[in-house]
Amino acid sequence: MNATSSSTGSQNADQAELDKFSALASRWWDAESEFKPLHMINPLRLGWIKEIAGSLAGKSIVDVGCGGGILAESLAREGAQVTGIDLAHKSLQVAKLHGLESGIKVAYEAISAEDLAAREPGAFDIVTCMEMLEHVPEPASVVQACATLVKPGGYVFFSTLNRNPKSFLFAIVGAEYLLNMLPKGTHSYENFIKPSELAASARQAGLSVTHMAGMEYNPLTQIYRMSRDTSVNYLMATRREA
């Protein structure tokens, strides 16, 4: 953990990571910006969530690490009652402004998953935590908070990056340096999380792993697709024991 990180108390956040996303905040909703990959994968991850959890209409959902609200708005568009939380204040400001423009209602709050879990345990039907765990000092703490936030029998969805030579080559060398899909320094390889590690954290938090999927990018067609290959980007669906 570097000098700018903090995992004491409820502030499980790396200030350098928060600053990184705050500096890019104004471009969250530019589909051709540094956030283009998120815009491209969002329909895939939304479809995957719906396939597993069923209709989202009327469900209470919290999106942990919501950033500028790309996933949060799409969940709300499905009829869910959505709360988006993040510690990057500029990103939240952008999310709130975009919500005013789109007319899609999401309740945004600058609060950590741990603090919200302490305040509202078992309050949500579904918890999503996508592309966030690899940016915090203590991912297991976030997993535990997500497990606390969801109702018994409810789903918690995670997505993150696997840690192996292929993921280093594709997610860092390829995406950041060769294809310029992401700003250089977006990811730190040592923070990538193996599926076995995430599954262990989930089980320790009282969550059962129910589904896993991979996400692949074809640089020639510039298209993402869901797959069974979890060697780079992967999604994990878990369920709190009733």
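Use the structure listed above.
For the structure given in this document, a descriptive report is provided here. In this convention, every chain numbers its residues from 1, walking through the sequence in written order. In keeping with the model being predicted, local features are shown solely for residues with a pLDDT of at least 70 and side-chain atom pairs are shown and tallied solely at 80 or more, while totals for entire chains, interfaces and linings include all residues. Excluded from the side-chain calculations are hydrogens and water; all other atoms, namely the structure's heavy atoms, are used.

1. Quick word on unusual backbone geometry
With phi around 55 degrees, Glu 131 is a residue other than glycine that occupies positive phi space. Helix and strand assignments follow DSSP, with helices taken as H or I runs no shorter than four residues and strands as E runs no shorter than two, numbered in order from the N terminus. Mapped onto the secondary structure, Glu 131 falls in the loop between β6 (124-130) and α6 (139-149). Located in the positive-phi region is Gln 222, a residue other than glycine, with phi close to 55 degrees. As for its position among the elements, Gln 222 is in the loop between β8 (207-218) and β9 (223-227). Exposed residues in this analysis have more than 50% of their type's maximum accessible area, buried residues have under 20%, and partly exposed residues fall in between, with area computed by a 1.4 Å probe over protein chains only. Accessibility expressed as a relative area gives 44% for Gln 222, which makes it partly exposed.

2. Brief notes about the packing of aromatic side chains
For Phe, Tyr and Trp, where Trp contributes only its six-membered ring, two rings pair if their centres lie within 6.5 Å, and the inter-plane angle classes them as stacked under 30 degrees, edge-to-face over 60, or tilted in between. Enumeration over the complete set of coordinates arrives at six aromatic pairs. An angle of 25 degrees between the planes, with centres 5.7 Å apart, marks the rings of Tyr 155 and Phe 157 as stacked. A network of ring pairs unites the aromatic residues Trp 48, Tyr 155 and Phe 157 as a single cluster.

3. Focus: the packing of α6 against helix α8 (residues 195-204)
Each axis is a line fitted through C-alpha atoms, taken for helices only over the stretch in contact, and angles between the N-to-C directions span 0 to 180 degrees. Contact pair α6 / α8: the axes reach a minimum separation of 9 Å and the direction vectors enclose 45 degrees. Relative to α8, the element α6 is oriented oblique. Where α6 crosses over α8, the handedness of that crossing is right-handed. Seen from α6, the contacting residues are Ala 140, Val 143 and Gln 144; seen from α8, they are Leu 198, Ser 201, Ala 202 and Gln 204. Residue polarity is assigned by list, with Asp, Glu, Lys and Arg as charged and Ala, Val, Leu, Ile, Met, Phe, Trp, Tyr, Cys and Pro as nonpolar; anything else, Gly included, falls into the polar class. Classifying every residue of the contact of α6 with α8 gives four nonpolar, three polar and no charged. Should an angle fall under 35 degrees it is taken as roughly parallel, and over 145 as roughly antiparallel, whereas 65 to 115 is taken as roughly perpendicular and any remaining angle as oblique. Take the far helix as the reference: if the near one is turned anticlockwise from it by less than a right angle, the crossing is left-handed, and if turned clockwise, right-handed. Every residue pair with non-hydrogen atoms within 4.5 Å of one another is taken to be in contact.

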